[in-house]
Amino acid sequence: MSQTAALRLRQAIARTEDATRERIPIGRRPEEADDLLGTFATDGALGFDPFPLLQALHDAGSRAVVIGQVAGIMHGSTELTGDLDLLWDGTPDEARALRDALFLCGCTELPDLDSAQVGYRVTGASGDMCTPALPWGAMDVTPCLTGAETTRDPAGFTIRYAAVDDLIRMRRALGRPKDHRRADELAQLQTRPGRADSRRRFP
């Protein structure tokens with residue numbers, strides 16, 4: 001299993017740390033991000049480190065899939081972010097795994113996982129946990145769970161993340177300015193030499 005996508009994310013987190021080292025908190029949470037700049041312009045980018053939660057998801061046996069801009073970064077997007085969004089299947093077994101992972105990361109107020117979309121916060125990361133029951137424009141995101149890519153982090157855990165074709169469709173379905181911009185970027189990346197046949201199999 002390739003480490004390419006995990007290494008891209010590691011590099012992006014290092015870039016985020018460098019870019020925000022002298023930034024002063026402005027009191028703007030990731031959920032208050034605008035539709036143009038995204039969560040990198042919020043305080044969520046300060047100290048953003050999704051890796052403890054990603055490892056906890058692996059350790060808890062979760063099958064949740066990374067979506068949003070973190071997944072975009074893993075496919076080669078250059079835009080940075082300040083939150084980690086996840087897609088999961090809404091089943092009781094997966095809910096238990098998610099709760100275990102959040103608990104492992106020090107979450108003391110576990111979110112209500114009976115909802116189609118719920119925010120969470122742990123040390124180093126926050127974001128939304130979504131199920132296919134959440135309206136996603138005209139798109140059924142259920143296949144994004146079974147069609148997810150996997151990558152192996154150098155620390156020894158596996159990360160599941162949305163396949164690039166699915167991620168582009170998710171972006172188009174949401175339709176915000178940042179989604180169109182990032183979908184266009186991913187589509188352009190896929191047309192580069194050596195990348196045309198990489199869909200669904202991209203590491």
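Just above, that's the structure.
Residues numbered from 1 in each chain as written. Predicted model: local features only at pLDDT ≥ 70, side-chain atom pairs only at ≥ 80, totals over all residues. Heavy atoms only, no water.

Draft legend 1. Region of interest: the overall build of the chain. Helix and strand content of the chain: 7 helices and 6 strands. Helices and strands in the chain line up, N terminus first, as α-α-β-α-β-α-β-β-α-β-β-α-α. Each of the 203 residues in the chain was classed as buried or not, and the buried ones make up 49%. As displayed, the chain has an accessible area near 9600 Å², and 50% of this comes from carbon and sulfur atoms. Counting 25 positive and 30 negative side-chain charges, the chain places the averaged centre of each group 5 Å from the other. (Helix = DSSP H or I, 4+ residues; strand = E, 2+ residues; numbered from the N terminus. Buried < 20%, exposed > 50% of the residue type's maximum accessible area, 1.4 Å probe, protein only. Areas by Shrake-Rupley, 256 points an atom, 1.4 Å probe, with all protein chains shown as cover. Lys, Arg positive; Asp, Glu negative; His and termini not counted. Charge placed at Lys NZ, Arg CZ, Asp CG, Glu CD.)

Draft legend 2. The arrangement of the state of the cysteines in detail. For the coordinates displayed, the defined rule picks out 0 disulfides. Residue Cys105 stays outside any disulfide, its sulfur separated by 8.8 Å from that of Cys107, the closest cysteine. Classification of Cys105 as buried rests on a relative accessible area of 12%. (Disulfide = S-S within 2.5 Å.)

Draft legend 3. View of helix H1 (residues 4-20). Here H1 contains 17 residues, and its C-alpha end-to-end distance of 24 Å stays within 8% of the 24 Å for a straight helix at 1.5 Å per residue. On the buried face of H1, the contacting elements are helix H2 (51-59), helix H3 (68-74), strand E5 (149-152) and strand E6 (158-161). (Expected span 1.5 Å × (residues − 1). Contact = heavy atoms within 4.5 Å.)

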